[in-house]
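A closer look at the structure
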Amino acid sequence: AADSNADYRALHGPLAAPWWEQVPWRWVAFGLVTLAAAIALVLWWRARRGKAVPAAAAAAVPLEPRAEALAALAALRAQHLPEHGRFAEHAFRLGRILRRFLESTTAVTRPGDTTPELVTHLRVAGLEPDDLTRLSGLLRIWDGVKFAREPFTLEEAVRAERAIEAFLRRPPGPA
């Protein structure tokens with residue numbers, strides 16, 4: 001009966017719309033489509049231009065495996081890893097040089113062979129017993145240095161380099 005005497009809250013202004021309702025989504029979509037079209041056009045133009053231009057650089061002539069291994073050994077010596085006490089890295093790189101040489105010169109070794117597998121494959125390939133004994137010993141020593149952190153000295157590292165160099169410089173045996 002006395003509704004006209006009731007106290008009402010004070011009048012407030014309208015609330016602002018949330019941000020996702022204030023963004024002009026049509027313009028945003030138009031901008032994204034335009035940007036995607038521009039990127040596609042640039043990629044298409046580069047691909048088209050790239051096909052028309054012949055390759056200017058000549059392919060590198062592959063080195064003979066022995067020369068490549070000797071060059072890698074010289075580069076390893078230039079780094080002076082044993083002198084800095086980095087025997088594990090030195091052993092790893094020497095092993096990699098030897099393994100790559102054996103992979104490229106024998107048809108039986110494969111990348112990823114473990115040391116026992118490599119020795120077995122070299123035995124099957126007919127590697128001389130002295131070489132097989134020397135190389136398998138070096139590979140096992142290097143595995144100990146790399147994985148078990150066995151002690152290694154500068155003299156042993158230099159001896160290992162010389163042994164690998166002597167093996168690489170030897171004339172190839174009969175196929």
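Below or above, wherever it landed, is the structure these notes cover. (Residues numbered from 1 in each chain as written. Predicted model: local features only at pLDDT ≥ 70, side-chain atom pairs only at ≥ 80, totals over all residues. Heavy atoms only, no water.)

1. Some words on the nonpolar core
Counting 27 residues, the largest nonpolar core has L94, L98, L102, W142, I164, F167 and L168 as the members making the most contacts within it. Per-element accounting of this core gives the leading share, seven residues, to helix 4 (residues 87–105). Beyond its immediate stretch of four places on either side in the chain, I164 contacts L94, L98, L135, L138 and W142. (Core = buried A, V, L, I, M, F, W, Y, C linked by side-chain atoms within 4.5 Å. Buried < 20%, exposed > 50% of the residue type's maximum accessible area, 1.4 Å probe, protein only. Helix = DSSP H or I, 4+ residues; strand = E, 2+ residues; numbered from the N terminus. Contact = heavy atoms within 4.5 Å.)

2. Some points on the side chain of D131
Tracing the chain through its elements places D131 in helix 6 (residues 129–147). Classification of D131 by relative accessible area gives buried; the value is 2%. At 3.1 Å, the side chain of D131 forms a polar contact with the side chain of R134. If we skip the residues at most four places from it in the chain, D131 touches F167 and R170. (Polar contact = N/O pair within 3.5 Å; in protein donor to acceptor, adjacent residues only side chain to side chain.)

3. Some words on the packing of aromatic side chains
Each aromatic ring pair is summarised here by two numbers: the centre-to-centre distance and the angle between the ring planes. Taken as a whole, this structure holds five aromatic pairs when the rule is applied. With 6.5 Å between their ring centres and 55° between their planes, W19 and W25 make a pair best called tilted. Grouped by ring-pair contacts, the aromatic residues W19, W20 and W25 constitute a single cluster. (Phe/Tyr/Trp six-rings, centres within 6.5 Å; stacked < 30°, edge-to-face > 60°.)

4. A word on helix 5 (residues 115–125)
Taken as a whole, helix 5 has its buried residues at T115, L118, V119, H121 and L122. One face of helix 5 carries all of its buried residues, which in axial projection span an arc of 165°. Residues of helix 5 that are exposed and point over 90 degrees away from its buried face: R123 and V124. The inward-facing, buried residues of helix 5 contact helix 4 and helix 6. Looking one or two residues beyond helix 5, the residue adopting positive phi is G126, at roughly 90°. (Arc of directions from axis to C-beta.)

5. Quick word on the packing of helix 3 (residues 65–79) against helix 7 (residues 154–169)
Closest axis-to-axis distance for the helix 3/helix 7 pair is 10 Å, and the angle between their directions is 160°. With respect to helix 7, the axis of helix 3 lies roughly antiparallel. Regarding helix 3 and helix 7, the two cross each other, and that crossing is left-handed. Between helix 3 and helix 7, the contacting residues are R66, A69, L70, L73 and R77 on the first element and E161, R162, E165, F167, L168 and R169 on the second. Partitioned by chemical class, the residues of the contact of helix 3 with helix 7 number five nonpolar, no polar and six charged. (Axes fitted to C-alpha atoms, helices over the stretch in contact; angles between N-to-C directions. Parallel < 35°, antiparallel > 145°, perpendicular 65-115°, else oblique. Left-handed = near helix turned anticlockwise from the far one by under 90°. Nonpolar A, V, L, I, M, F, W, Y, C, P; charged D, E, K, R; others polar.)

6. Concerning the packing of helix 5 against helix 6
Helix-helix packing: each pair is described by the crossing angle between the helix axes and the interaxial distance. Between helix 5 and helix 6, the least distance of the axes is 10 Å, while the angle of their chain directions is 170°. As the angle between them shows, helix 5 and helix 6 are arranged roughly antiparallel. Contacts between helix 5 and helix 6 involve T115, L118, V119, L122 and R123 from the former and L132, S136, L139, R140 and D143 from the latter. Of the residues belonging to the contact of helix 5 with helix 6, the class tally is five nonpolar, two polar and three charged.

7. Observations regarding the pattern of salt bridges
Counted according to the given criterion, the structure contains eight salt bridges. For E161, the salt bridge is made with R77, and the minimal N-O distance between the two is 3.1 Å. In this pair, E161 sits in helix 7 while R77 sits in helix 3, placing the two residues 84 residues apart along the sequence. For E161, a relative accessible area of 8% translates into the label buried. E89 serves as the salt-bridge partner of R86, at 2.5 Å between the closest nitrogen and oxygen. Using a relative accessible area of 41% as the deciding quantity, one classes R86 as partly exposed. (Salt bridge = Lys/Arg side-chain N within 4 Å of Asp/Glu carboxyl O.)

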